[in-house]
Amino acid sequence: MSFVDRRIEVRPSTGEAPFALNEVFFSRTDSRGVIEAGNYVFQRVSHYEWSELIGAPHKLIRNPDMPRGVFQLFWDTIQKGETIGAYVKNSSKDGLHYWVYAVVIPCGEGYLSARIKPCGAQFAEVQKLYANLLKLEQEEGLSPEDSAEVLKTWLHEKGFESYHQFAVDALCQELLARDEGLKKPVDSKIAGLRTMMGNARTLIQETEGLIQDFDAMHTIPHNLRVIASRIEPSGGPVTVLSQNYGAMSREMGDWFSKHVMGKNSNFAAIRASVENSLFVECMARILTECDAQLQSERRTLGEIDMENERSILAELVTSQTKRAQKGMASVDLEAERIVRACHVMHRHFLGLSSTRVLCKIESARLPQSGETLSDIIDQLGAFQERISHRLETIAKLSGEIRSTEE
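Everything numeric in this text was worked out from a predicted model, so none of it was measured.

Definitions and limits used
- Residues numbered from 1 in each chain as written.
- Predicted model: local features only at pLDDT ≥ 70, side-chain atom pairs only at ≥ 80, totals over all residues.
- Heavy atoms only, no water.
- Helix = DSSP H or I, 4+ residues; strand = E, 2+ residues; numbered from the N terminus.
- Buried < 20%, exposed > 50% of the residue type's maximum accessible area, 1.4 Å probe, protein only.
- Contact = heavy atoms within 4.5 Å.
- Areas by Shrake-Rupley, 256 points an atom, 1.4 Å probe, with all protein chains shown as cover.
- Phe/Tyr/Trp six-rings, centres within 6.5 Å; stacked < 30°, edge-to-face > 60°.
- Lys NZ or Arg CZ within 6 Å of the ring centre and 35° of its normal.
- Core = buried A, V, L, I, M, F, W, Y, C linked by side-chain atoms within 4.5 Å.
- Expected span 1.5 Å × (residues − 1).
- Pairing = 2+ DSSP bridges.
- Axes fitted to C-alpha atoms, helices over the stretch in contact; angles between N-to-C directions.
- Patch = residues over 30% accessible without salt bridge, like charges linked within 9 Å, V, L, I, M, F, W, Y side chains within 5 Å.
- Salt bridge = Lys/Arg side-chain N within 4 Å of Asp/Glu carboxyl O.

Visitor: Explain the overall build of the protein chain residue by residue, including any values.
Guide: Along the protein chain, the regular secondary structure elements total 14 helices and five strands. Per-residue burial for the protein chain yields a buried fraction of 53% across its 406 residues. Sequence-distant contacts, at least 24 apart, represent 71% of the contacts inside the protein chain between residues at least 6 apart. Working note: accessible area of the protein chain is about 19,400 Å², and carbon and sulfur atoms make up 51% of it.

Now the structure itself:
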């Protein structure tokens, strides 16, 4: 046993159980949460014998400081066959505690939970949140379901649209902070996907702004048609301008209703795919480290078949990697479609400029109503410039998402 191993295995009488930043551990359960396997670090940190762990419910290591609402979220998610990540405080047999960031993955008929030591910027805030949730549960009788809703409300106030979005951000932060703490180089793949996720969120913000611009512009073509009916015969330049802007506004509005609005839109698909791919990439890395940890331990795992556990980990890494690749292929397809659509709409908008110039000339020729007409045309020009800029930004962000993926 090395000096480092001896130091880790010397346990204090109170406080935190020894769990180093460079360590990872996992446990595997059946569908009911009964422990079927784990690695040596799991057994060492929990301080139970293998005979006490195998066949025991995973709640054996549950700490009373954990709010029930967090576990409500856990089970609601994994029982739907989905993965989840969360901060968890556990207890060891000798009364010590240890914090982990746990990722739980469906595995065969049960689940596999892989854990790292948390050190990210959000960890302290989460500890305060958990303490508040626990207080509400104990003093006000808050149910697990209501406690989970309070947690979601807190996340929404922090700018997260869902728990999954928070879990992705937290896991990414934890791995990058862990690398920094261990003086390792930045994980370029995770960092790149995180940049892509930021671009995907900015993309949504830009498209929402674009929709607002279109909504604000809807009344202008109508006002132009009213003026045109008073100052020129049918088919005049003002009439043509109002018709062109009205048609373009409807065309773009229809396109954005189909592709931007709603959970099944192209833009939502990009953001969801990037978030899922980042989460999967982080999971695959932790699973790979679990495999490396298992190989390096070379200690007895009781009756656990080490080679079988390594095989299970390898299969999970392969399946999660394929899942990430499929998600990123979807991102590339949707981003390409958005780039093409933005270029087409941008050309249409530029084509309206000549008609707007003709109307500007017409407004100068009609002094009685020219001022009103000129004001409206100036408004159209400002809207056109703003929308064109947004289209360029959206196309640029979509292009950057594609180049990051490549």
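Visitor: Which residues make up the packing of aromatic side chains, and what values do they have?
Guide: Following the criterion strictly, the structure yields 11 aromatic pairs and no others. Judged by centre distance (5.5 Å) and plane angle (80°), the ring pair of phenylalanine 160 and phenylalanine 166 falls under edge-to-face. This pair shows no difference in class: phenylalanine 160 is buried, exactly as phenylalanine 166 is. Site record: aromatic cluster; members linked through ring pairs are Tyr87, Trp99, Tyr101, Phe123 and Tyr130. Just above the ring of phenylalanine 71 sits the side chain of arginine 62; from NZ or CZ to the centre is 4.0 Å.

Visitor: Describe the nonpolar core, naming the residues involved and giving the relevant values.
Guide: In summary, soluble globular proteins display a tendency toward joint burial of nonpolar side chains. Of all hydrophobic cores here, the largest spans 113 residues; its most connected members are Tyr87, Tyr130, Leu151, Tyr163 and Leu171. Sort the elements by how many residues they give to this core and helix H12 (residues 306-351) lands first, with 13 residues. Not counting chain neighbours up to four residues away, the residues in contact with tyrosine 163 comprise Leu73, Ile84, Gly85, Ala86, Leu151 and Leu155.

Visitor: Can you lay out helix H7 (residues 163-181) for me, pointing to particular residues and giving the numbers?
Guide: Between its first and last C-alpha, H7 extends 26 Å over 19 residues, near the 27 Å set by a 1.5 Å rise per residue. Following H7 by one or two positions, lysine 183 has its phi on the positive side, about 60°.

Visitor: Report on the side chain of arginine 28, specifying residues and quantitative values.
Guide: Tracing the backbone through its elements, the reader meets arginine 28 in strand E1 (residues 24-29). Exposure remark for arginine 28: the relative accessible area of 13% places this residue in the buried category. Among residues more than four places away in sequence, those in contact with arginine 28 are Val34, Ile35, Glu36, Ala37, Cys107, Tyr111, Leu112, Asn308, Glu309 and Ile312.

Visitor: Residues and numbers for the sheet that holds E1, please.
Guide: One open sheet holds the five strands; their spatial order is E2-E1-E5-E4-E3, and the pairing between them is antiparallel. A strand with exactly one partner marks an edge of an open sheet, and here the two such strands are strand E2 (35-38) and strand E3 (84-91). Direction aside, neighbouring strands of the sheet carry axes that sit 30° apart on average. One ladder, built from six bridges, connects E1 with strand E5 (residues 110-116); its direction is antiparallel. Considered in E5, the bridge of phenylalanine 25 is made with arginine 115. Seen against the sheet, H7 touches E1, E3, strand E4 (97-107) and E5 and runs at an angle of roughly 65° to E3.

Visitor: Quick rundown of a nonpolar patch on the surface? Include the residues and the values.
Guide: A surface patch of nonpolar side chains, about 290 Å² in accessible area, is lined by Val357, Leu358 and Ile361. Within the secondary structure layout, valine 357 lies in helix H13 (residues 353-365). The class for valine 357 is partly exposed, based on a relative accessible area of 48%.

Visitor: I'd love a proper account of the pattern of salt bridges, names of residues and values included.
Guide: Scanning the model with the defined rule gives 19 salt bridges in all. Between arginine 28 and glutamate 309 there is a salt bridge, with its nearest N and O atoms 2.7 Å apart. Of the two residues, arginine 28 sits in strand E1 while glutamate 309 sits in helix H12, which places them 281 residues apart along the sequence. You'll find arginine 28 and glutamate 309 in the same group, each marked buried. Linked by salt bridges that have partners in common, Arg178, Asp179, Asp187, Arg285 and Glu289 make up one network.

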